[in-house]
Amino acid sequence: CIPGEFQNEIGMSSCKLCNINEKSEKQNSTFCHKCGLGEKSIRGSAKCTKCDAGEAGTDEIGMCESCKLGQYRNASMDAANCSICPAGWSSVSGSTKCRECQSGKYNGEDGEACKDCLEGWYRNSQMIATQCKPCPKGQHQDKKGQRVCLDCASGRYNEKEAQVECEKCPKGWYRPGAYPDRTKCTKTEPGTYTDNTESSFQQDCAAGKYTDEPGMEMCTNCPSGWYQESSRKTKCLKCKDKLDSQPGASVCFKPE
């Protein structure tokens with residue numbers, strides 16, 4: 001029998017091939033030797049070879065197996081074991097190296113897969129890969145695995161970190177889109193109002209109406225005997241010269 005073959009019976013007309021992960025280095029062999037820890041061979045081999053990069057002798061008898069998710073081995077490393085990727089890094093099965101978690105993902109433990117940042121959190125490539133950061137005040141994020149947070153839209157605000165959505169400005173309040181402070185809304189000024197939530201601007205009181213306080217949801221009609229001919233006013237004017245007016249009037253009239 002030539003190397004890679006054996007015969008353990010007498011009177012046979014041919015030799016047998018060594019099985020996978022076995023070898024016979026010499027001729028006239030009566031049995032094959034198992035490959036050592038971190039080695040492998042094909043059927044009919046005269047010698048065993050080191051596990052390929054991305055695999056190691058990790059099974060119960062040291063046969064080569066692909067490195068698991070979160071592990072790696074390159075050709076220069078010990079063939080008996082795969083190494084574990086550090087926190088912030090991971091790998092797919094059979095990897096020769098670890099890769100840092102992509103933007104929007106993180107990994108806080110050795111040997112684990114990278115995970116998506118949760119809603120309200122983010123991570124970009126300049127940040128450490130072991131954790132995500134909460135979205136700052138004035139921003140939000142309603143999707144997982146994101147590298148940035150989103151600014152609160154006009155008419156909305158956010159005074160807390162790690163928020164999925166921004167709050168709506170209540171009635172009597174507003175926030176313009178260009179206003180840099182997205183953590184709060186602003187009360188309407190006297191002479192103006194907002195009658196809807198999520199307002200990005202304040203509305204002027206029409207002629208015949210007024211508001212004399214900030215943060216109003218609606219304007220007040222001028223009472224009888226009073227008027228206001230202009231918009232955005234904080235008070236009404238009293239009719240003179242024995243003139244009168246109806247509630248909410250912009251002009252006075254002479255009674256019949």
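Coordinates for the structure precede this section.
Residues numbered from 1 in each chain as written. Predicted model: local features only at pLDDT ≥ 70, side-chain atom pairs only at ≥ 80, totals over all residues. Heavy atoms only, no water.

Draft legend 1. Structural context of unusual backbone geometry. Although it is not a glycine, A162 sits at a positive phi angle of roughly 60 degrees. Within the secondary structure layout, A162 lies in the loop between β19 (156-157) and β20 (167-168). Residue class for A162 comes out partly exposed when judged on its relative accessible area of 24%. For R232, which is not a glycine, the phi torsion comes out positive at approximately 60 degrees. Residue position: R232 is located in the loop between β27 (226-227) and β28 (237-238). Judged by relative accessible area, R232 falls into the partly exposed class, the value being 36%. (Helix = DSSP H or I, 4+ residues; strand = E, 2+ residues; numbered from the N terminus. Buried < 20%, exposed > 50% of the residue type's maximum accessible area, 1.4 Å probe, protein only.)

Draft legend 2. Highlighting the layout of surface pockets. Its boundaries defined by the atoms lining it, the largest pocket holds a volume of some 260 Å³. Around the largest pocket, the lining residues are S90, S91, V92, S95, T96, K97, R99, E100, C101, Q102, K105 and C114. Taken together, the residues of the lining of the largest pocket sort by class into three nonpolar, five polar and four charged. (1 Å grid on protein atoms, 1.4 Å probe; cavity = no way out; pocket = protein on both sides within 12 Å on 5 of 7 lines; lining within 4 Å. Points joined across faces, edges and corners; volume = space filled by probe spheres on them. Nonpolar A, V, L, I, M, F, W, Y, C, P; charged D, E, K, R; others polar.)

Draft legend 3. Inspection of the state of the cysteines at higher detail. Going through the model one piece at a time under the given rule, you end up with 14 disulfides. Across the disulfide from C85 sits C98; the S-S distance is 2.0 Å. Given an S-S torsion of about -90 degrees, the disulfide between C85 and C98 has left-handed geometry. Taken as a pair, C85 in the loop between β10 (83-84) and β11 (89-90) and C98 in the loop between β11 and β12 (99-100) lie far apart in primary sequence, 13 residues in all. For C98, a relative accessible area of 12% puts it in the buried group. In this model C205 forms its disulfide with C219; the gap between the sulfur atoms is 2.0 Å. Judged by the sign of its S-S torsion, about -85 degrees, the bond between C205 and C219 is left-handed. With C205 in the loop between β24 (203-204) and β25 (209-210) and C219 in the loop between β25 and β26 (220-221), this residue pair connects regions lying 14 residues apart in the sequence. Neither residue differs from the other here; C205 and C219 are each classed as buried. (Disulfide = S-S within 2.5 Å.)

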